[in-house]
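Inside the fold
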Amino acid sequence: MLVVGDVVTDVVARHRGPLAAGTDTAAAVRTVPGGAGANVACWAVHEGCADVRLLGRAGRDAVAWHERELTASGVQPLLVTDPKAPTGTVICLVDSGASAERTFLTDSGASLRLAPADWSPALLDGVARLHLSGYLFFSESSRALVSVVLESTRARGVPVSLDPASAGFLTRLGVDRFLGLCAGVEVLLPSRDEACLLTGLPDPADAAAELSRRFPLVVAKLGSEGALVARSGAVRARVPASRATPRDTTGAGDAFTGAFLAALLMGAAPEEAARAGCSAGAKAVERIGGRPPAASARRDEGDARVR
């Protein structure tokens, strides 16, 4: 599987209660590797896909560190070093209360400077599925890259999945424009908010059903309420969430997506793959940051591996 997307540095600040404006708020702060695309790739490996590659872009300041972290997670990094922009950074403000809800402050940096020149159709050699991070739709150069990638996948017959990534950025880009850029995507994996935004419908089930008239398969991620699987204009399955005690919800949707795609590659039906996604999402919220344990930390797990 090839993932094309963002790799960033996450600074996770876990605080309890509201932020105190104009003064100090006590927090536990950690710096960890992140990025929606990179997280999806790492979780896909963790959940059973042995050959996962990531095309992304990072600055000289941190590209070597991100390559080491991806390699340690079993992902083959295909990172372009940006000579001008620093690596993207996201400040993740996480309420350490029961919900572990998070708010992002995002400086995309080099991650959204991927461009058509960074692409080659040869990157699809041996690839059974390609996944796009929706963050690529939010800059001019990476949108141009998306068009080139989709043209290449159509020529090769490689199925494409897409996670819309950010309701806030989607609003700024415009729903109609976003949907127009998605032609050829086979699997759409929106969050509840993204599904409702993309359709203008308040109910996520109605939104997922409506989106499945445009995309062959839609899997709406509902957090603690599980997931919906929709095809041909109707919700076909409602998958419950797995039980978890949240510490940090950063990357939970990425974990779902990575596990879902890994399960599809192993031959699972979409409903079964969604159950795998919910299980991975539950694992993710019990960890700090958006990544699973590194491959070296799970050497003896004996998970099945597929290409």
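Quick caveat: nothing in here was measured; it's all calculated off a predicted structure.

Looking at the protein chain as a whole, the pLDDT averages 92, with 94% of positions reaching at least 70. Predicted confidence for residues 298-307 stays below pLDDT 50, and this span has 18 contacts to residues more than four positions away or in other chains.

Volume-wise, the second largest pocket comes out at about 210 Å³. Residue lining of the second largest pocket: 14 residues in total, with V32, P33, R287, R291 and P292 positioned closest to the centre. In terms of residues, the lining of the second largest pocket owes the most to one element, strand β3 (residues 27-34), which gives three residues. Per-class residue counts for the lining of the second largest pocket are six nonpolar, three polar and five charged.

Let's shift gears to the nonpolar core. V4, W119, L130, L132, F138 and F178 are the most contacted members of the largest nonpolar core, which totals 45 residues. Discounting residues that sit within four places of it in the chain, L132 has contacts with V4, V146, V149, L150, V160, S161, L162 and D163. L70, V229, L261 and A262 belong to the second-largest nonpolar core, a separate cluster that totals 35 residues.

Another point: the state of the cysteines. All chains considered together, the criterion is met by zero disulfides. With no disulfide partner, C196 has as its closest neighbouring cysteine sulfur the one in C182, 17 Å distant. Of the residues examined, C196 reaches a relative accessible area of 16% and is grouped as buried.

Calculation criteria
Residues numbered from 1 in each chain as written. Predicted model: local features only at pLDDT ≥ 70, side-chain atom pairs only at ≥ 80, totals over all residues. Heavy atoms only, no water. pLDDT = per-residue confidence, 0-100. Contact = heavy atoms within 4.5 Å. 1 Å grid on protein atoms, 1.4 Å probe; cavity = no way out; pocket = protein on both sides within 12 Å on 5 of 7 lines; lining within 4 Å. Points joined across faces, edges and corners; volume = space filled by probe spheres on them. Helix = DSSP H or I, 4+ residues; strand = E, 2+ residues; numbered from the N terminus. Nonpolar A, V, L, I, M, F, W, Y, C, P; charged D, E, K, R; others polar. Core = buried A, V, L, I, M, F, W, Y, C linked by side-chain atoms within 4.5 Å. Buried < 20%, exposed > 50% of the residue type's maximum accessible area, 1.4 Å probe, protein only. Disulfide = S-S within 2.5 Å.

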